[in-house]
Structure formats: C-alpha cells, structure tokens
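# Tertiary structure, described
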Amino acid sequence: MAAPRINRITPFNITALALGLAFLYLPIVILVIYSFNASRLVTVWGGWSLRWYYEFFNDRAMLDAAWMSLRVGAVSATIATVLGTLAAIALTRGERFKGRMLFSGMLYAPLVMPEVISGLSLLLLFVALDAGRGFWTVTIAHTTLTMCFVTVVVQSRLGSIDRSLEEAAMDLGCNPVRAFLFATLPLIVPSIVAGWMLAFTLSLDDVVIASFTTGPGSATLPIRIYSEVRLGVKPEINAICTMVIALIAVVITVASFVSKLSRTQGENAVPL
C-alpha cells in the first residue's frame, strides 16, 4: 500500500498562501504604486509621475533626516555587531564564568523591555551625564537596542558549530586565536552579516527610543516622517517609504550574497 502524500498542493494551501502574502505585501505594493501618483491627494489617482521623488530631493529637511538615519544605522549596527559577537562568544565559550546568568539576563533585557522604558532610562542617563543630545546619543541608544539581537543570532550559530574543528586546527599548530579566526570565524560570518543587517533595519525603523535621545538638528527619518504624518499624509511620504523599501531590498540582497560567499569559503578553508 502506497504511503499517503502529505505535502501535496491543494486549493486550500494555495488560497491560504495567497491570502497570507496579500496580507503582508499588498499594503506595500499599494504604497509603491501611489508613490508614482501625480495627484496631490493621496487617495485620488492622477496618473503616473515622478513628481514626489523630485519633491523629496528638493526637501532639505527630509534629506538631512535621511542622511542622519543612514549614519546612525550604519555606525550603531557596526558597533552592535562587534559587541554582540563578542558577547555571543563569551556566552557560548564561557559556560562557567562567574556572573554568567546575570550577564545573560542584562544582555537580553532589551528584547522584552518596552521601548518607552528603554528610551526614558537612556534619556535620564544622558541628562545625568550632562551629555548634549544629538548624533552620538541616538547612536548609543540604538546600539543598546540592537546589540542583543546580534548576540542572539550569532550565539545560535556558534552553538551549532562543532568545536572539534578548532581542536583539529590547534593540533596542526595553530594557537587558539588563529584557530578561531581560520576555523570558526568563516563559519559564523553569515550570522554576523545577518546580525548587522538586522541591527541596521531596526535602527532605521526606530521612533520611540530615538524620540527620547535625539536633539535639535539630529532628527532621524522616522521621527521626521511621524511629525509630517500627524499633519496629514503627503504623497512625498509614499516616495520616501518606497526608497527605504528599495534600500532594504538592496541590503538584503548584498547580505545574502556575502553570506553565501563566506559560507562557501568557510567550507573550503583549511587552517594553516
């Protein structure tokens, strides 16, 4: 008797998949289409036009906010990736060091803590330190927020790697640092890249924490968009959001390519 086919395609599966994809991506598709709308009214179609993209590139305040978001996102993601990777190594390789549970709990706290509390606590810290709010305060706040996400991603990958690879490298004459760099690091580069990408997108998306830690002249793009939307949605906002979506798509594509390339090199690498 033939075994029943469990993974067969049925009309119900196709319908469920179509509804799920429509729920996730239909609003984004509508936003992208209406970013090319020539009408000044967001809900009225007036033909195809690049008018609102020109409006964005002539809006100095929006350009400054976008440049601020890109700088904050890149710097905070890089710092968070370095610190998060080191924390993941400490948690994975230092199973018995004193204070591990406390360190782990403090590291993962931002994952479950409301952003309002995180933003308010950071604001009180900067006020106590008499630090002027601006680029670096927002960057530090975003690093604090995103470092735990990087740690989770890298730690999950480190936990699945066989440490006998490093032991074999040390048997062949490598010291512990060289063995880690040549045997383990190439295998975790995809997770490091994924962590950086996640940290970058979280930084671009943040409004709550940035609103507590930003200062005059250092507003990020989400804060600027939020302030504009409160007065009514302008077609220019659709164009800005479409370019952000395109940027994220490029980041994901590049990160996927780098991860695939590094994974291939890691599999073929031979410790010296």
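See the structure printed just above.
Being a predicted model, the structure only gives us computed values, none of them experimental. (Residues numbered from 1 in each chain as written. Predicted model: local features only at pLDDT ≥ 70, side-chain atom pairs only at ≥ 80, totals over all residues. Heavy atoms only, no water.)

When helices and strands are counted, the protein shows 11 helices and zero strands. At 23 Å, the protein has a C-alpha radius of gyration far larger than the 19 Å of a compact globule built from 272 residues. Taking all 272 residues of the protein together, the buried fraction comes to 35%. Partitioning the contacts of the protein with sequence separation of at least 6, the portion at a separation of at least 24 is 72%. If you sum the accessible surface of the protein, you get close to 16400 Å²; carbon and sulfur atoms cover 70% of it. Charge-centre separation for the protein: the mean point of 19 positive side chains lies 4 Å from the mean point of 15 negative side chains. (Helix = DSSP H or I, 4+ residues; strand = E, 2+ residues; numbered from the N terminus. Rg over C-alpha atoms; globule rule 2.2 N^0.38 Å. Buried < 20%, exposed > 50% of the residue type's maximum accessible area, 1.4 Å probe, protein only. Contact = heavy atoms within 4.5 Å. Areas by Shrake-Rupley, 256 points an atom, 1.4 Å probe, with all protein chains shown as cover. Lys, Arg positive; Asp, Glu negative; His and termini not counted. Charge placed at Lys NZ, Arg CZ, Asp CG, Glu CD.)

It is worth spelling out the packing of helix H3 (residues 60-93) against helix H8 (residues 176-205) at this point. In the contact formed by H3 and H8, the axes pass within 8 Å of each other and the chain directions differ by 140°. As judged from the angle between their axes, H3 and H8 are oblique. Between H3 and H8 the crossing geometry is right-handed. Contacts between H3 and H8 involve Ser-69, Leu-70, Val-72, Gly-73, Ala-74, Ser-76, Ala-77, Thr-78, Thr-81, Thr-85, Ile-89 and Arg-93 from the former and Phe-180, Thr-184, Ile-192, Gly-195, Trp-196, Ala-199, Phe-200, Ser-203 and Leu-204 from the latter. Considered class by class, the residues forming the contact of H3 with H8 number 11 nonpolar, nine polar and one charged. (Axes fitted to C-alpha atoms, helices over the stretch in contact; angles between N-to-C directions. Parallel < 35°, antiparallel > 145°, perpendicular 65-115°, else oblique. Left-handed = near helix turned anticlockwise from the far one by under 90°. Nonpolar A, V, L, I, M, F, W, Y, C, P; charged D, E, K, R; others polar.)

One finds Val-150, Val-154, Leu-158, Ile-188 and Phe-200 to be the most contacted residues of the largest nonpolar core, which totals 19 residues. Those elements that provide at least two residues to this core are H3, helix H6 (135-159), H8 and helix H11 (235-268). If you tally residues by element for this core, the top one is H8, at nine residues. Excluding its chain neighbours within four sequence positions, the residues that come into contact with Ile-188 are Arg-157, Leu-158, Ile-161 and Phe-180. Within the second largest apolar cluster, eight residues are counted, among which are Met-62, Ala-66, Leu-221 and Ile-225. (Core = buried A, V, L, I, M, F, W, Y, C linked by side-chain atoms within 4.5 Å.)

As a further point, take the packing of H3 against helix H10 (residues 221-229). Where H3 meets H10, the axes come as close as 7 Å, and the angle between the chain directions of the two elements is 145°. Seen from H3, the contacting residues are Ala-61, Met-62, Ala-65, Ala-66 and Ser-69; seen from H10, they are Leu-221, Pro-222, Arg-224 and Glu-228. Classifying every residue of the contact of H3 with H10 by side-chain character gives six nonpolar, one polar and two charged.

This next bit is on the packing of aromatic side chains. Within this structure, the stated rule accounts for seven aromatic pairs. A centroid spacing of 5.2 Å and a plane angle of 35° characterise the contact between Phe-36 and Tyr-53, whose relative ring orientation is tilted. Of the two residues, Phe-36 sits in the loop between helix H1 (11-34) and helix H2 (51-57) while Tyr-53 sits in helix H2, which places them 17 residues apart along the sequence. Relative accessible area serves as the criterion here: at 24%, Phe-36 is assigned to the partly exposed category. Between the aromatic rings of Phe-135 and Trp-136, the centroid separation amounts to 5.0 Å while the plane-to-plane angle is 80°, which identifies the pairing as edge-to-face. (Phe/Tyr/Trp six-rings, centres within 6.5 Å; stacked < 30°, edge-to-face > 60°.)

Quick look at unusual backbone geometry now. For Asp-130, which is not glycine, the phi torsion reads 55° and is therefore positive. Looking at Asp-130, the relative accessible area reads 70%, which means it is exposed.

Quick look at the pattern of salt bridges now. By the definition in use, this model includes one salt bridge. As a salt-bridge pair, Asp-64 and Arg-60 come within 3.6 Å of each other at their nearest N and O atoms. Placement of both Asp-64 and Arg-60 in helix H3 is noted, with a separation of four residues, approximately one turn of the helix. Its relative accessible area of 56% is what places Arg-60 among the exposed residues. (Salt bridge = Lys/Arg side-chain N within 4 Å of Asp/Glu carboxyl O.)

This part covers the environment of Thr-78. If you trace the backbone, Thr-78 turns up in helix H3. The spatial distance from the C-alpha of Thr-78 to the C-alpha of Leu-102 is 25 Å, given a sequence separation of 24 residues.

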